[in-house]
Amino acid sequence: MSDDPQELPEATAHRLEELEHGLFTSDLSVNEFLLIKEVGFHPLGFVMGSSIYHTGIQTRRWGQSQELTKLTEAMYNARELAMSRMEEEAAELGADGVVGVRLDVNYYEWGKDAAEFIAVGTAVKAESGVSHRNALGKPFTSDLSGQDFWTLMQTGYIPQGLVMGTCVYHIAHRGLGQTLGSAGQNVELPNFTQALYEARELAMTRMQDEAGRLDASGIVGVRLEEKSHQWGSHTIEFLSLGTAVMKTAGEVTLPTPTTIISLDN
Amino acid sequence: MPDAPADLPEAADRRLGGGPFTSGLSVPDFAACLQMGLEPVGYVQGFCVMQWGWYGMNSPYRQALGPYGGGSSGYLENYQCPHGMVSAEHRAWGQNYEQTWIEQAWGQGFADASHRMIEEATAAGAHGIVGVVDSAERLADLGVLEFHLRGTAVRVLDGAPPPGGRPWTTYLAGQRLAKLIEAGYVPVSVAAAVSSVRVWAYCITEYQLGGSAGTWGGGPGVSEVTQVASARMAARQIAREQVRSQLDGDALHGAQMIVSEDEVGEGDQEIQCLLRGNRVRRFKDFDPVPVPRPTVRLG
């Protein structure tokens, strides 16, 4: 598979053709659907992209904390491929963006070192006909729910893209000498503090660099996920994710909230 | 922007030095903060990795041994066997004691991580940090505990610098923070403490926990496990006192208490009580909120 939309699988091409004729699919709840319509967008279809990626191996030094750059690149490229294929499907539909994006990684028994990276979401388009594509001319992506999308639009910001940064890091084992040296004391281990700090900051900086390329003013909903996948407890992937946003209007138009009291049980 | 502290990693220095802002706030919290005049400037964090849970001959644990094994300071309670039996299997005495060295180490790890998070916020020119999340988790199989505090640094639009130039911190964000301010309070800092009490069971406790108190315990089959109940009460009380000592006359808002226990041997337990909340200070009289509108959900 390449980046060329002509090479989308036959079933996908057939599904997208049906969607172009007005039938739409979406995994939005009814409330999300109504709120997206309320801010002037219409769902076009459920879009997805996937990539099965061989993550390979990289030599680790037993007693040294270090970034495993090959694994970092593999984890990043695989997600990027899945995301770009999902964007491709959205572009085929003429969408302005994709909301409710979920990124998952699945492992299968048949491929020990391979993982399937999947990106799914609902493509949307502005009913006004005004383009809301991002600075790169692509449909924006976002992991925001319909409710979050509505709220964000009220604040004068618009999503530009789901941005991410990753860093696969090997945490050193402690030798007997190191362990005995501080035995019996609950003390800080500054080398470990600094190494983990560095790893998370690298992931966050890479995410911020992605947002910079989209000319975004900020990133909301940042979260840091940590997973060891299948590498053992000393190798951790730090994944930073968030939705890059751009300020479009000067004023915050969110109405003043009303206090309510529920009469339900 | 003020100079970044020298010990920030290069990546953190670069991230906080410019480019798009980062925010860990959810969209509703982000919107509510904007409405309050709080502008996110960056996602900030602080870490501290502490060696944890191994006590050798030179440890404070060993140095602090009391007559029955308990610490020489803090809460201590002894339990004597009523049976008058002497046997290797029979636990003729028991003890509850406060593990002050664990409490102090936890306090140091939390305070260092918090201090580093505030350093990042200061470097970003923030007035405060909202939506703070803390965790203390074991890392790999290293016998270490990692303290991690993170939150979103914010600037108050047209606001004066924070007192002493030190940003305030709070677990609250969005509408929860708005309601606090509406009620006449401002956030000062997050406050948290852990208490740790070790239960060294004596014979009665051992029988009660093993379900044979009616036969060997000399009492009814269903009764309070006095030693464990006393340890749990003490753990709560110590955590409360420790947090109170951090408040310096201010109030604690939104307190959360989590009591957990680890079995460290038959009948023996380590009881930990974590108490965290928001240290807040009154700055104006309470303004009654608008009368709420009754609602009924149709779904």
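About the thresholds
Residues numbered from 1 in each chain as written. Chains lettered and ligands numbered in written order. Predicted model: local features only at pLDDT ≥ 70, side-chain atom pairs only at ≥ 80, totals over all residues. Helix = DSSP H or I, 4+ residues; strand = E, 2+ residues; numbered from the N terminus. Buried ≥ 20, exposed ≤ 12 C-beta atoms within 10 Å, placed from the backbone. Contact = placed C-beta atoms within 7 Å. Pairing = 2+ DSSP bridges. Axes fitted to C-alpha atoms, helices over the stretch in contact; angles between N-to-C directions. Parallel < 35°, antiparallel > 145°, perpendicular 65-115°, else oblique. Left-handed = near helix turned anticlockwise from the far one by under 90°. Nonpolar A, V, L, I, M, F, W, Y, C, P; charged D, E, K, R; others polar. pLDDT = per-residue confidence, 0-100.

1. Here we look at the overall build of chain B
Next up, step 1: Counting its regular elements, chain B contains eight helices and 11 strands.
Next up, step 2: Out of the 299 residues in chain B, the part that is buried amounts to 43%.
Next up, step 3: Once local pairs closer than 6 in sequence are excluded, the contacts in chain B between residues at least 24 apart make up 74%.

2. Describing the interface of chain A and chain B
Next up, step 1: Counting residues at the interface gives 52 residues for chain A and 53 residues for chain B.
Next up, step 2: Counting only elements with at least two residues in the side of chain A that touches chain B, the list comes to helix 4 (146-154), helix 6 (190-213), strand 7 (218-227), strand 8 (235-247) and strand 9 (260-262) of chain A.
Next up, step 3: Take the side of chain A that touches chain B: its biggest share by element is 14 residues, from helix 6 of chain A.
Next up, step 4: In this sheet, strand 11 (residues 293-295) of chain B lies alongside strand 9 of chain A in parallel orientation, the contact comprising three bridges. Bridge pairing in strand 11 of chain B places I261(A) opposite P294(B).

3. Some words on the pairing of strand 9 (residues 251-265) of chain B
All names here are of chain B.
Next up, step 1: Both strand 9 and strand 10 (residues 268-282) contribute to a ladder of 12 bridges, which runs antiparallel. In the sheet register, I258 faces strand 10, and the bridge partner there is L274.
Next up, step 2: Connecting strand 9 to the antiparallel partner strand 10 that follows it, the hairpin turn spans two residues, and G267 within it adopts a positive phi of roughly 80°.

4. Some words on the packing of helix 4 of chain A against helix 2 (residues 27-36) of chain B
Working note: a packed helix pair is described by the angle between its axes plus the distance between those axes.
Next up, step 1: Axis separation between helix 4 of chain A and helix 2 of chain B bottoms out at 9 Å; the angle between their running directions is 20°. The orientation of helix 4 of chain A relative to helix 2 of chain B falls into the category roughly parallel. At the point where helix 4 of chain A passes helix 2 of chain B, the crossing takes the left-handed sense. On helix 2 of chain B, the residues that touch D148(A), T151(A), L152(A) and Q154(A) of helix 4 of chain A are V27(B), P28(B) and A31(B).
Next up, step 2: In terms of residue class, the contact of helix 4 of chain A with helix 2 of chain B is made up of four nonpolar, two polar and one charged.

5. So, unusual backbone geometry
Next up, step 1: Backbone geometry places D215(A), a non-glycine residue, at a positive phi of 60°.
Next up, step 2: When you line up the elements, D215(A) lands in the loop between helix 6 and strand 7.
Next up, step 3: Residue D215(A) is classed as partly exposed on the basis of its C-beta count, with 13 C-beta atoms lying within 10 Å.
Next up, step 4: We note that D158(B) has phi near 60°; this positive angle belongs to a residue other than glycine.
Next up, step 5: On the secondary structure map, D158(B) appears in the loop between strand 6 (144-156) and strand 7 (168-169).

6. A look at the sheet that holds strand 6 (residues 157-170) of chain A
Next up, step 1: Here we have five strands laid out as an open sheet, ordered 2(A)-6(A)-8(A)-7(A)-1(B), and mixed in their pairing. Of all the strands in the sheet, the pair left with one neighbour each is strand 2 (66-67) of chain A together with strand 1 (21-22) of chain B.
Next up, step 2: By the bridge criterion, two bridges tie strand 7 of chain A to strand 1 of chain B in an arrangement that is parallel. Across the sheet, G218(A) pairs through a bridge with F21(B), a residue of strand 1 of chain B.
Next up, step 3: Sheet strands touched by helix 6 of chain A: strand 2, strand 6, strand 7 and strand 8 of chain A together with strand 1 of chain B. Its angle to strand 6 of chain A, the strand with the most contacts, is close to 150°.

7. Re the environment of V49(B)
Next up, step 1: Its place among the elements puts V49(B) in strand 2 (residues 38-51).
Next up, step 2: Judged by the 26 C-beta atoms lying within 10 Å of it, V49(B) falls in the buried class.

8. As for the confidence of the model for chain A
Next up, step 1: Of the residues in chain A, 84% have a pLDDT of 70 or more, and the chain-wide mean is 83.
Next up, step 2: Mean pLDDT across the elements of chain A ranges from a minimum in helix 5 (residues 176-181) of chain A, with 62, to a maximum in strand 5 (residues 140-141) of chain A, with 94.

9. Re the pairing of strand 5 (residues 128-139) of chain B
Next up, step 1: When strand 5 of chain B meets strand 6 of chain B, the two strands line up antiparallel, connected through 10 bridges. When the sheet's bridge partners are listed, R138(B) is paired in strand 6 of chain B with L145(B).

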